[in-house]
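Listed here are the chains, written in short residue letters.
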Amino acid sequence: MAFALLAMLMAAPNPASAQFFSDRPAPVPPNSIPDMPSGPAISLAPPSGPASAPLLPAPLTQPPVAAVTAPVPSPLPATPAAPSQGVLALTARYGKDMPVINSGLVWRVYSDRPDETGAFKLIREDRGATPNIVLPPGSYVVHVAMGLVSAVRPVTIKSDTDREAFVLPAGGLRIEGRVGTSKIPQNQISFSIYKGSQFEAGERSPLLPSVAAADVVLLQEGTYYIVSNYGDANSTVRSDIRVQAGKLTDVIITHRAAVITLKLVGDKGGEALANTAWSVITPAGDVIKESIGAFPRVVLSEGEYRAIAKNEGKVFERPFKVVNGVDGEIEVVAR
């Protein structure tokens with residue numbers, strides 16, 4: 001208000017200036033102004049002696065000091081005291097009687113009421129294992145997450161410490177694939193994890209579509225099924241598993257398959273012909289794998305197949321059999 005008032009005052013026109021720059025001529029007095037005798041010059045300097053104070057005209061004489069009423073200062077508005085703070089002390093466990101989780105947690109505190117857009121405002125976020133979050137007294141919603149496992153709870157903070165212990169009934173899952181006693185290389189196998197049993201009706205999307213071998217995945221306690229894909233053809237295995245809270249479950253999935261290399265040659269044992277298009281089909285005619293190249297490699301489940309090779313407009317084929325764990329090379333002679 002002070003700055004606005006100052007601006008208004010600075011913008012107001014000066015009456016004297018407006019009169020000075022008027023277009024009308026200055027008024028002429030009716031008679032000549034007589035010369036006034038000049039008196040002694042009046043000094044504007046303050047008097048130097050105690051008795052030399054000039055007498056003020058009557059209308060301007062100051063009233064006696066006793067008659068002046070001292071102004072009563074208006075009371076200043078009381079400054080509101082800062083609201084007392086409360087402390088939200090948080091911990092999480094895999095089970096009621098298990099130790100406190102010491103890493104991997106993400107804590108989020110939200111307002112307990114949505115805003116005008118319907119969203120709940122995030123108040124605080126903390127990634128400590130056992131955070132102490134300072135908050136004004138009030139109601140909030142606390143969410144804690146670890147991997148795919150989470151829990152949520154409304155809390156009310158007062159001007160003291162509120163201790164909240166969450167239970168995350170989660171366990172770890174680690175998977176590897178094997179053929180016989182041989183471990184499948186990590187870059188040749190992948191796993192998808194689904195909630196529930198594979199025998200339950202209905203289509204489901206995977207919780208985790210591509211899990212690498214030997215990775216540890218944190219899941220809520222319960223039943224899941226794993227789809228294991230060895231290679232990119234037809235070596236697929238489904239397995240139901242059970243995850244327990246606070247435990248690491250190691251799962252070994254066994255495939256009955258082999259790695260087969262295909263070659264089109266002019267003579268048995270000869271050089272492979274380049275630019276060959278391949279199809280691997282079942283005896284019933286179902287196409288399992290298609291590829292182009294001189295030495296395509298394909299992982300196939302044990303069983304019987306036919307290899308069909310197309311080169312320079314000609315088609316050649318050969319039946320073959322895949323034995324579990326026996327990798328091999330299939331030659332198709334171009335005759």
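Below is a summary of the structure that appears in this document.

Criteria and thresholds
Residues numbered from 1 in each chain as written. Predicted model: local features only at pLDDT ≥ 70, side-chain atom pairs only at ≥ 80, totals over all residues. Heavy atoms only, no water. Helix = DSSP H or I, 4+ residues; strand = E, 2+ residues; numbered from the N terminus. Buried < 20%, exposed > 50% of the residue type's maximum accessible area, 1.4 Å probe, protein only. Contact = heavy atoms within 4.5 Å. Areas by Shrake-Rupley, 256 points an atom, 1.4 Å probe, with all protein chains shown as cover. Polar contact = N/O pair within 3.5 Å; in protein donor to acceptor, adjacent residues only side chain to side chain. Salt bridge = Lys/Arg side-chain N within 4 Å of Asp/Glu carboxyl O. Pairing = 2+ DSSP bridges. Axes fitted to C-alpha atoms, helices over the stretch in contact; angles between N-to-C directions. Phe/Tyr/Trp six-rings, centres within 6.5 Å; stacked < 30°, edge-to-face > 60°. Core = buried A, V, L, I, M, F, W, Y, C linked by side-chain atoms within 4.5 Å.

Okay, the overall build of the protein next. Of regular secondary structure, the protein possesses 2 helices and 22 strands. In the protein, which comprises 335 residues, the share counted as buried stands at 30%. Contacts in the protein between residues far apart in sequence, at least 24 positions, make up 58% of those at least 6 positions apart. Accessible surface, the protein: about 22800 Å² in total, of which carbon and sulfur atoms supply 57%.

The next thing to look at is the side chain of Glu331. As for its position among the elements, Glu331 is in strand S22 (residues 328-333). Among the polar contacts made by the side chain of Glu331, one reaches the main-chain amide nitrogen of Gly269 at a distance of 3.1 Å. If sequence neighbours within four positions are ignored, Glu331 has contacts with Lys263, Val265, Lys268, Gly269, Gly270 and Arg318.

As a further point, take the pattern of salt bridges. Inspection of every chain in the model, using the stated rule, returns 13 salt bridges. Asp232 is the partner of Lys289 in a salt bridge, and the nearest nitrogen-oxygen pair spans 2.9 Å. Residue Lys289 is found in strand S18 (residues 287-292), and its partner Asp232 is found in the loop between strand S13 (222-230) and strand S14 (235-243); the two are separated by 57 residues along the sequence. The exposure class assigned to Asp232 is exposed, which follows from its relative accessible area of 56%. Note that Glu331 and Lys263 form a salt bridge whose closest N and O atoms lie 3.7 Å from each other.

Further remarks concern the sheet that holds strand S20 (residues 303-311). A sheet is described by the order of its strands in space; here 4 strands give the open sequence S18-S17-S20-S21, paired in antiparallel fashion. The strands lining the two open edges of the sheet, one partner per strand, are S18 and strand S21 (314-322). Averaged over all pairs of adjacent strands, the angle between strand axes in this sheet comes to 20°, irrespective of strand direction. Examined bridge by bridge, strand S17 (residues 277-281) and S20 share 5 bridges and lie antiparallel to one another. In the strand pairing of S20, Ile281 is matched with Arg306.

Another point: the packing of aromatic side chains. For any two aromatic rings, the description comes down to two numbers: the centre-to-centre distance and the angle of the planes. By the definition in use, this model includes 3 aromatic pairs. With centroids separated by 4.8 Å and ring planes inclined at 5°, the aromatic side chains of Tyr194 and Tyr225 adopt a geometry described as stacked. In this pair, Tyr194 is assigned in strand S10 (residues 189-195) and Tyr225 in strand S13, connecting sequence segments 31 residues apart. Each member of the pair, Tyr194 as well as Tyr225, carries the same accessibility label: buried. Seen from their ring centres, Tyr305 and Phe320 are 5.7 Å apart, and the 25° between their planes marks the pair as stacked. Placement of Tyr305 in strand S20 and of Phe320 in strand S21 is noted, with a sequence separation of 15 residues between them.

Attention shifts here to the sheet that holds strand S6 (residues 149-157). With antiparallel pairing, 4 strands are arranged side by side in an open sheet as S3-S2-S5-S6. In this open sheet, the two edge strands, each paired with only one partner strand, are strand S3 (120-126) and S6. For this sheet the average axis-to-axis angle between neighbouring strands, irrespective of direction, equals 25°. Pairing geometry for strand S5 (residues 138-146) and S6, over 9 bridges, is antiparallel. Counterpart to Val142 in the pairing with S6 is Arg153.

With 22 residues, the main nonpolar core has Leu173, Ile175, Phe191, Ile193 and Ile226 as its most contacted residues. Listing elements by their share of this core, those giving two or more residues are strand S8 (170-179), S10, strand S11 (208-212), strand S12 (216-220), S13, S14, strand S15 (248-254) and strand S16 (257-265). Judged by nonpolar contacts, the second largest core, of 21 residues, contains Ile133, Val144, Met146 and Ile157.

Look at Ala214: it is not a glycine, yet its phi comes out positive at around 75°. Mapping Ala214 onto the fold places it in the loop between S11 and S12. By relative accessible area, Ala214 is classed as partly exposed at 46%. Even without a glycine there, the phi angle at Asn275 is positive, about 55°. Note on Asn275: relative accessible area 67%, which makes it exposed.

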